[in-house]
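# Descriptive analysis of the structure
Spelled out, the chains give:
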Amino acid sequence: MDLAYIPSPSTGVIHLGPIPLRGYAFCIIIGVFVAVWYGNKRWIARGGTAGTVADIAVWAVPFGLVGGRLYHVITDYQLYFSEGENWVDAFKIWEGGLGIWGAIALGAVGAWIGCRRRGIPLPAYADAIAPGIALAQAIGRWGNWFNQELYGRPTDLPWALKITEGANREAGTYHPTFLYESLWCVGVALLVVWADRRFKLGHGRAFALYVAAYCAGRGWIEYMRVDEAHHVLGLRLNVWTAIVVFLLAVVYIVVSSRLRPGREEIVEPKAEKKAEEKPEGSEEAGESGEDAESGEDADVKADVSSGDAVDLGKDGKDSKDGKDSKGVEHGAGKS
């Protein structure tokens, strides 16, 4: 008898009239908003302008979704293209199936396009959004809970996940690997934020730290899963992917820190240019305006205090004493 467990939802879809609200898609959308919101805060703190992260995300997010789906369909092709399966299901992204490896890879291509259009270095942008991506993954993993998928081996632990009978799954209590990965991603986000503040990470090293830390957790969590997957030398394909990507991220951190130490001073050239030009221009305009105004007032006051009426003729000469209007003998010294 199970004394405690994490229940699974009876359905992953809530119908709002004719509109179906799917828990998996809802978690992905919330994760994207959190990543953009937090990335925007970090970008502004680095010297960028508000809205830049969202503008680039317009490119990165669609590319990431396509890349994530492609990776899943390619690595689990038997689910869609084997005998008895319907290949059209490969397009049903709301039913689950996004590979983070493909999402990050193709999402980076979209971000690169967006950065080039705005003249922004991609590594600086990646550093700003790295913790937000980890938080987005933490939220997105709860979509697997709605779909009752990606759980681990059977267990009777108090935090076991109860799975109901369904297609391609047996009822029972299993390790909630979705929860393990969600909590791990929150820890990764905190680690990146702390390390970035402590060591002033730049030139893509904060993003590389996120990748390495995520892969370290994904390796052992993936090893616990029991869903169908391809194996290479006795290990799941995603475990090998995590190992290779982890090593690449560590190498990047080491090489980058030697070749380009420190952090970028300017992350958005246009924002830096505006910050430098606007105050100087406004001050010069203000000073010149004040000088011009004060000069005119001084001339008028001088003429009035002299007590003489100055009448300039067509030739620009004083009609009273014949002096040039630019002369100083306008009655000065008379009372």
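Here the structure is shown first, and the text comes after it.
First, a word on what this report is: a plain description of the structure on this page. (Residues numbered from 1 in each chain as written. Predicted model: local features only at pLDDT ≥ 70, side-chain atom pairs only at ≥ 80, totals over all residues. Heavy atoms only, no water.)

### Some remarks on unusual backbone geometry
Here H203, not a glycine, exhibits a phi torsion of approximately 55 degrees, which is positive. Summarising the element assignment, H203 is placed in the loop between helix 7 (177–199) and helix 8 (205–224). The exposure class of H203 is buried, given its relative accessible area of 10%. Not every positive phi belongs to a glycine, and L233 is a case in point at roughly 55 degrees. Its place among the elements puts L233 in the loop between strand 5 (231–232) and strand 6 (235–236). (Helix = DSSP H or I, 4+ residues; strand = E, 2+ residues; numbered from the N terminus. Buried < 20%, exposed > 50% of the residue type's maximum accessible area, 1.4 Å probe, protein only.)

### Details of a nonpolar patch on the surface
Together, V232, L233, W240, I243, F246, L247, V250, V251, V254, V255 and L259 give the surface a local cluster of nonpolar side chains, amounting to about 970 Å² of exposed area. In terms of residues, the nonpolar patch owes the most to one element, helix 9 (residues 237–259), which gives 9 residues. (Patch = residues over 30% accessible without salt bridge, like charges linked within 9 Å, V, L, I, M, F, W, Y side chains within 5 Å. Areas by Shrake-Rupley, 256 points an atom, 1.4 Å probe, with all protein chains shown as cover. Salt bridge = Lys/Arg side-chain N within 4 Å of Asp/Glu carboxyl O.)

### Section: the nonpolar core
Formed by 38 residues in total, the largest nonpolar core has its most connected members in W43, W101, Y125, V192, F207 and Y210. Every element with two or more residues in this core is listed here: helix 2 (52–75), helix 4 (100–118), helix 5 (122–140), helix 7, helix 8 and helix 9. Ranked by size, the runner-up nonpolar core spans 7 residues in total, among them W145, Y151, L161 and L179. (Core = buried A, V, L, I, M, F, W, Y, C linked by side-chain atoms within 4.5 Å.)

### Thoughts on the packing of aromatic side chains
Geometrically, a pair of aromatic rings is defined through the distance of the ring centres and the angle of the planes. Taken as a whole, this structure holds 12 aromatic pairs when the rule is applied. Both rings, one in W142 and one in F178, keep their centres 4.9 Å apart while their planes meet at 80 degrees; by these two values the pair is edge-to-face. Taken together, the positions of W142 in helix 6 (residues 142–147) and F178 in helix 7 put the pair 36 residues apart, joining distant regions of the chain. Classification of F178 as buried rests on a relative accessible area of 2%. Ring plane angle 40 degrees and centroid distance 4.6 Å describe the contact between Y151 and Y174, whose orientation is recorded as tilted. Of this pair, Y151 sits in the loop between helix 6 and strand 3 (161–163) while Y174 sits in strand 4 (residues 172–174), and the two are 23 residues apart along the sequence. Classification of Y151 by relative accessible area gives buried; the value is 11%. Pairwise contacts between aromatic rings join W142, W145, F146 and F178 into one cluster. (Phe/Tyr/Trp six-rings, centres within 6.5 Å; stacked < 30°, edge-to-face > 60°.)

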